[in-house]
Amino acid sequence: MSRAVFLTGTSVVETPKFTLSAASLSVEFDHGALRWIRWRGVEVLRALTFLVRTPGWGTPEPQISGLDIQQSDHAFEVSYQARYVNGDERVRVDLHFAGRSDGVLSATARIAAETPFDTNRTGFVVLYPLAGFAGTEIQVEHAQGESAALTIPEAISPGQPIFDIRAITHRPIEGLSVVTRFEGDIFEAEDHRNWSDASFKIYSRPIGLPYPYRLLPEQVTHQSVTINIHDHAISQPDEPAANTAQSVRVTVGRKTKQTLPAIGLGLSANESADAIPYASQLAALGPVHLLLRFDPAAQHSIDQLAAASQLASDAHLPVAFELLLSASHDPAPEIVQAAKWLKIVGISPISVAIFPKVDERSFQPGEVRPPSPTDTAIYSEAKKAFPTLAVGGGSPAFFTELNRKRPSAGAFDFITHATAPTVHAADDASVVETLQSLPHIIRSARQIISADKAAAESVPYHIGPIGIGARLNPYGSGPVANPDSARVGLAANDPRQRGLLAAAWHVGYAAVVAEHGIDTLVLGAPTGPFGVVSTQQPYARQWWDEQAEGAVYPLFHVVADLASGSGKPRLETTSNSEKLAVLGWVDGDKHVLLIANLASDPVNVTLADVDIAQVRILDVAHSEQAALSPAIFRQHSEEQDIGQGINLDAYAVAKISYQRK
């Protein structure tokens, strides 16, 4: 068994990144892209890359050849040829990047189709980090030369916040300004926080123009991006790029008035029968519920509801119910039918959320939508069918879709939506970085729920089901096929979901939403691509296919640990490194912590003012026992003197408990 499989679910290891620098300017070269562009250690841009988007919004990987990298003390240059393939169509791009110690970074591209090539978008993409950009004033120069000051809103824009861009000047910190100039096409901005990306994106070919469009072999085009960094600060030593120390300190503060969210598992009705044989494993998770989604348009049936009822009964788990409506106007017949079937099969749900089926699809702001029942009509009919239950609404898809079709104020008893971290990028670092966007999503959703802040805080807010893969694809016909279990955007089968990376990422997600007062978090599933229990799948799974069905993935233990804290008072926690996610709660006379290493490198963690504690670590070394003997793993913790710290391997999760002082 390879270490990589336990970490990420696949033996395929990402191409190593390496640093290029020119005095105070540094970048990370990552498979053709420049990432984490820093000046004196301050991140000024998240990425500068060249992307090709296919008519289905796929993002083919560049086939790189002729890579030439030159590095000196005061400059670096990168040149290569990238070929992008979509079926029988091919386009070649000659790329050149150059960085200098005076703060100039440039990129040029020669774009030449080798065959007629249909594309939704082909060109440079610049990503701006959230810190130093969101909520700040920038200067925008438009294509005709006029300039204007613009404040980037804290709230997430449902559409394009900036159009017709020739250049942008922003100020990441006081005394530092960055001018980014674009040539070769019309550029505009997209608020990537909608999709939980931790960035704002500047791209070419405006979304308002027809797409897809065709690149022809006889029509060679050129693009360029030039970045000028102006440092007005008094000369001082460069700041470290990040806390790279191997020892990280965690401090536990006071007990808050918040309680940890309720925890659920996502369950599509058609997957219910497959999970019944593993009800005993699911029962061992503790106080979780099943979020059962019923979609008659997807041929979900009363027999599948009956299977869900049996699963819930055998596992002793309550059921929250979601219904997708096909009706264009009157929701009553479908709601009445669903309520009748639930009664027949013996499901008494703890809550109900109802959405028009069409809301699984994405529409641009202002785009004409197919007719669907109103929020008022849905709520009214739902209350007739389920008079004692809370009735929710929002979006059956991602935050983007909630933001672009906002529920009527006060229409529902709670609001819900999901997220997926691989809409735009599927590499490991980008997946982890999506956690940075969650506070922005939550604050924006609260504003959508109600313009009155106090009222917004009082409306229960649910998130989920979440996972590293995508259960649906609002931007295409369905999740992207991924038979080889690669790192693929918008695929349901993402190998990392069955690895330690998923365990750490979900701890990070839970830590953020708990701090921001989310009432319910739904993650994973009983079985299948998002499952906590391993079962045979139509695609190969390294190592797992060699084990008996019913073993459990690392996420199983995270769900069980989160469930054990559900409803308990949250502890304030801080860390001096973004490498860690920390979630704490009070359990009787003990403090309990979940600490996840979000990095691919080991880290030593020290806890302020804590010496003796019970420690259980989910990592590569314990993965086999955790998978094959979960009860033994969960019962076993070691009493340790952790005054000198504990070592957490890549993507490891530690559960630590100690007596309150």
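Please read all numbers here as calculations on a predicted model, not as lab measurements. (Residues numbered from 1 in each chain as written. Predicted model: local features only at pLDDT ≥ 70, side-chain atom pairs only at ≥ 80, totals over all residues. Heavy atoms only, no water.)

**Some remarks on the overall build of the protein chain**
Here is step 1: The helix and strand tally for the protein chain stands at 14 helices and 35 strands.
Here is step 2: Computed over the C-alpha atoms, the radius of gyration of the protein chain is 25 Å, within 12% of the 26 Å expected from 2.2 N^0.38 for a compact globule of 661 residues.
Here is step 3: For the protein chain, the proportion of its 661 residues judged to be buried stands at 57%.
Here is step 4: Considering only intrachain contacts with a sequence separation of at least 6, the fraction spanning at least 24 residues in the protein chain is 70%.
Here is step 5: Here the protein chain displays about 25,900 Å² of accessible surface, and carbon together with sulfur accounts for 51% of that area.
Here is step 6: Within the protein chain, one finds 52 positive and 71 negative side-chain charges whose respective centroids are separated by 4 Å. (Helix = DSSP H or I, 4+ residues; strand = E, 2+ residues; numbered from the N terminus. Rg over C-alpha atoms; globule rule 2.2 N^0.38 Å. Buried < 20%, exposed > 50% of the residue type's maximum accessible area, 1.4 Å probe, protein only. Contact = heavy atoms within 4.5 Å. Areas by Shrake-Rupley, 256 points an atom, 1.4 Å probe, with all protein chains shown as cover. Lys, Arg positive; Asp, Glu negative; His and termini not counted. Charge placed at Lys NZ, Arg CZ, Asp CG, Glu CD.)

**What to know about the side chain of Ser177**
Here is step 1: Within the fold, Ser177 resides in strand S14 (residues 176–183).
Here is step 2: Excluding residues that lie within four positions of it along the chain, Ser177 makes contacts with Thr169, His170, Arg171, Asn228, Ile229, His230 and His232.

**Describing the sheet that holds strand S34 (residues 646–648)**
Here is step 1: In spatial order, the strands read S33-S32-S35-S30-S29-S28-S19-S31-S34; together these 9 strands make up an open sheet with mixed pairing. A single partner strand is all that each edge strand has here, and the edge strands are strand S33 (638–641) and S34. Mean inter-strand twist for the sheet, computed between neighbouring axes without regard to direction, equals 35 degrees.
Here is step 2: The sheet contact formed by strand S32 (residues 612–618) and strand S35 (residues 653–659) spans 5 bridges and is antiparallel. (Pairing = 2+ DSSP bridges. Axes fitted to C-alpha atoms, helices over the stretch in contact; angles between N-to-C directions.)

**Comments concerning the packing of helix H4 (residues 302–315) against helix H5 (residues 332–345)**
Here is step 1: Two elements in contact, H4 and H5, have axes whose closest approach is 9 Å; the angle formed by their N-to-C orientations is 45 degrees. It follows that H4 is oblique to H5 by the angle criterion. Note that H4 runs across H5; the crossing there is right-handed. In contact with Ile302, Leu305, Ala306 and Ser309 of H4, H5 contributes Trp341, Leu342, Ile344 and Val345. (Parallel < 35°, antiparallel > 145°, perpendicular 65-115°, else oblique. Left-handed = near helix turned anticlockwise from the far one by under 90°.)

**Brief notes about the confidence of the model for the protein chain**
Here is step 1: Across the protein chain, the average pLDDT comes to 95, with 97% of residues at or above 70.
Here is step 2: This stretch, residues 241–245, has a pLDDT under 50; its non-local contacts, to residues over four places away or in other chains, come to 7 contacts. (pLDDT = per-residue confidence, 0-100.)

**Re the domain arrangement of the protein chain**
Here is step 1: Parsing the protein chain into structural domains produces domain 1 (3–231), domain 2 (248–252 + 570–659) and domain 3 (262–566).
Here is step 2: Relative to domain 3, the C-alpha centre of domain 1 lies at a distance of 32 Å.
Here is step 3: In this complex, domain 1 contributes 34 residues to the contact, which on the side of domain 3 involves 34 residues.
Here is step 4: With both chains or domains summed, domain 1 and domain 3 bury close to 3,000 Å², and 49% of this area falls on carbon and sulfur atoms.
Here is step 5: Our enumeration of links across domain 1 and domain 3 arrives at 4 salt bridges. (Domains from an automatic or database assignment. Buried area = accessible area lost by both parts, 1.4 Å probe. Salt bridge = Lys/Arg side-chain N within 4 Å of Asp/Glu carboxyl O.)

**Overview of the environment of Ala107**
Here is step 1: Along the chain, Ala107 turns up in strand S8 (residues 104–113).
Here is step 2: For Ala107, a relative accessible area of 0% translates into the label buried.
Here is step 3: With 59 residues separating them in the primary sequence, Ala107 and Leu48 have C-alpha atoms 8.4 Å apart.
Here is step 4: Ala107 has contacts with Leu48, His96, Phe97, Phe124, Gln223, Ser224 and Val225, leaving out every residue within four places of it along the chain.

**As for the packing of aromatic side chains**
Here is step 1: Considering all chains together, one arrives at 18 aromatic pairs under this definition.
Here is step 2: Look at Phe29 and Tyr80: their rings are 6.5 Å apart centre to centre, the planes differ by 70 degrees, and that puts the pair in the edge-to-face class. Separated by 51 residues along the polypeptide, Phe29 in strand S2 (residues 25–30) and Tyr80 in strand S6 (residues 75–86) bring together distant segments of the chain. Here Phe29 and Tyr80 have matching classes, each one buried. (Phe/Tyr/Trp six-rings, centres within 6.5 Å; stacked < 30°, edge-to-face > 60°.)

**Digging into the pairing of strand S29 (residues 580–587)**
Here is step 1: With respect to burial, S29 is a largely interior element, 7 of its 8 residues being buried.
Here is step 2: As paired strands, strand S28 (residues 569–575) and S29 are joined by 2 bridges and run antiparallel to one another. By the bridge assignment, Leu571 is partnered in S29 with Gly584.
Here is step 3: Hairpin connection, S28 to S29: the antiparallel pair is bridged by 4 residues.
Here is step 4: Sheet topology places S29 next to strand S30 (residues 590–597); 8 bridges connect them, and they run antiparallel. Bridged to Leu580 within S30 is Asn597.
Here is step 5: Here S29 folds back onto S30 in antiparallel fashion, the turn holding 2 residues, of which Gly588 has a positive phi close to 65 degrees.

**Focus: the sheet that holds strand S24 (residues 391–398)**
Here is step 1: Pairing within the closed barrel is parallel, and its 8 strands lie in the order S20-S21-S22-S23-S24-S25-S26-S27. Neighbour to neighbour, the strand axes of the sheet diverge by 25 degrees on average, direction disregarded.
Here is step 2: Here strand S23 (residues 352–356) pairs with S24 via 2 bridges, running parallel. Paired with Ala353 across the two strands is Gly392, which belongs to S24.
Here is step 3: Along the sheet, helix H11 (residues 500–515) contacts strand S26 (461–466) and strand S27 (520–523); its crossing angle with S26, the most-contacted strand, is approximately 170 degrees.

**Comments concerning the packing of H5 against helix H6 (residues 375–385)**
Here is step 1: Across the interface, H5 lies against H6 with an axial gap of 9 Å and an inter-helix angle of 30 degrees. One element, H5, and the other, H6, form an angle in the roughly parallel class. The handedness of the crossing between H5 and H6 is right-handed. Between H5 and H6, the contacting residues are Ala332, Ile335 and Ala339 on the first element and Ile378, Glu381, Ala382 and Ala385 on the second.

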